[in-house]
Amino acid sequence: MIQAVIFDVDGTLMDTNYLHVEAWARAFMAVKHPVPRSEIHYQIGKGSDLMLGALLPEDLHEEANELHSQFFGELKHHGCPLPGAKEIIKSLSLQGMEIWLATSAKSEELEHHVQALEAKGKLSGLVSSADVEKAKPAPDIFQQTLERAGRSPQESIVVGDTIWDIQSAQGCGLQTVAVMTGGAFSRQELQEAGAIAVYKDCEELLGSGFPNAIETKK
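This text gives an overview of the structure that appears in the document. (Residues numbered from 1 in each chain as written. Predicted model: local features only at pLDDT ≥ 70, side-chain atom pairs only at ≥ 80, totals over all residues. Heavy atoms only, no water.)

This part covers the packing of helix α1 (residues 17-30) against helix α4 (residues 61-75). The contact between α1 and α4 brings their axes to 8 Å, and the two run at 135°. Our classification of the angle between α1 and α4 gives oblique. Crossing geometry of α1 relative to α4 is assigned as right-handed. Here α1 contributes L19, H20, E22, A23, W24, R26, A27, F28 and A30 to the contact with α4, which in turn contributes A64, N65, L67, H68, F71, F72 and L75. A per-class count over the contact of α1 with α4 returns 11 nonpolar, 3 polar and 2 charged. (Axes fitted to C-alpha atoms, helices over the stretch in contact; angles between N-to-C directions. Helix = DSSP H or I, 4+ residues; strand = E, 2+ residues; numbered from the N terminus. Parallel < 35°, antiparallel > 145°, perpendicular 65-115°, else oblique. Left-handed = near helix turned anticlockwise from the far one by under 90°. Contact = heavy atoms within 4.5 Å. Nonpolar A, V, L, I, M, F, W, Y, C, P; charged D, E, K, R; others polar.)

This next bit is on the pairing of strand β4 (residues 156-160). One face of the sheet, then the other: side chains in a regular strand alternate in exactly this way. Summarising burial for β4: 5 of the 5 residues are buried, a large majority. Residues S156, V158 and G160 line one face of β4 and the alternating positions I157 and V159 line the opposite face, and both faces are buried. Pairing analysis gives 4 bridges linking strand β1 (residues 4-7) to β4, with the strands arranged parallel. Looking across to β4, one finds that A4 is bridged to S156. (Buried < 20%, exposed > 50% of the residue type's maximum accessible area, 1.4 Å probe, protein only. Pairing = 2+ DSSP bridges.)

Attention now goes to the packing of aromatic side chains. Following the criterion strictly, the structure yields 4 aromatic pairs and no others. For the pair Y42 and W164, a centre-to-centre distance of 5.6 Å together with 90° between the ring planes defines the contact as edge-to-face. Taken together, the residues Y42 in helix α2 (residues 37-43) and W164 in helix α8 (residues 163-170) connect sequence positions 122 residues apart. Residue Y42 is classed as partly exposed on the basis of its relative accessible area of 36%. For W164, a relative accessible area of 8% translates into the label buried. Seen in terms of ring centroids, W164 and F185 are 6.3 Å apart; in terms of plane orientation they differ by 80°. Their pairing is edge-to-face. Residue W164 is found in helix α8, and its partner F185 is found in the loop between β5 (176-179) and α9 (187-193); the two are separated by 21 residues along the sequence. F185 shares its class with W164; the two are buried. Over the ring of W164 we find K46, and its NZ or CZ is 4.5 Å from the ring centre. (Phe/Tyr/Trp six-rings, centres within 6.5 Å; stacked < 30°, edge-to-face > 60°. Lys NZ or Arg CZ within 6 Å of the ring centre and 35° of its normal.)

With that out of the way, let us pick up the layout of surface pockets. Regions of empty space are outlined by a rolling probe, equal in size to a water molecule, passed over the atoms. Considered as a void within the structure, the largest pocket measures approximately 420 Å³ in volume. Around the largest pocket, the lining is made up of 30 residues, and of these K46, G47, S48, S104 and S129 lie nearest the centre. Contributing elements (two or more residues each) for the lining of the largest pocket: α1, α3 (48-55) and α6 (107-116). By residue number, the principal contributor to the lining of the largest pocket is α3, which donates 4 residues. Here the lining of the largest pocket is composed, by residue class, of 8 nonpolar, 11 polar and 11 charged. (1 Å grid on protein atoms, 1.4 Å probe; cavity = no way out; pocket = protein on both sides within 12 Å on 5 of 7 lines; lining within 4 Å. Points joined across faces, edges and corners; volume = space filled by probe spheres on them.)

Next up, the structure:
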């Protein structure tokens, strides 16, 4: 029986992926190393160190990271909950399900997200990249979540929007249900990465009878 649902945040619960793409694009332009937004979008969901390593010379990482925080701070108020996000958190909470957030988002962004999702008092906890040595797609974030929750992989399930979420979850034996609201990956790509089911968004996921309906697919 599933006892804990572990959600990614950006692109899964919050419509912020494209805001991060824009903030990173502006940061890369500011350090005079522009990167196409399509390439940035593909990397969203990884920890910033890994993403920067894939896109930028190392000597520009620190400055670009600081600029991203500045630009995202100016843009984040445009972010809003994705369809069904608030509702699925409320529904799972009423069912007595443990709800965890496990995200590569920076800790200063999480307060805004929790407020927008009306999730205060409904969460069992949250783990960010600041809490672990290695961010997604390494398994550390989900492993830390399992340890804090005191749950096994068989009692838990991940909801995410990227192949990085799926790879991270697989690293500690967790299964992932994917939603397509992040925009970077097709249904086929998410399935091929290992998602056990793919939904349009959290609204469709909630309507499916999640998580009980998912258990029959294991």
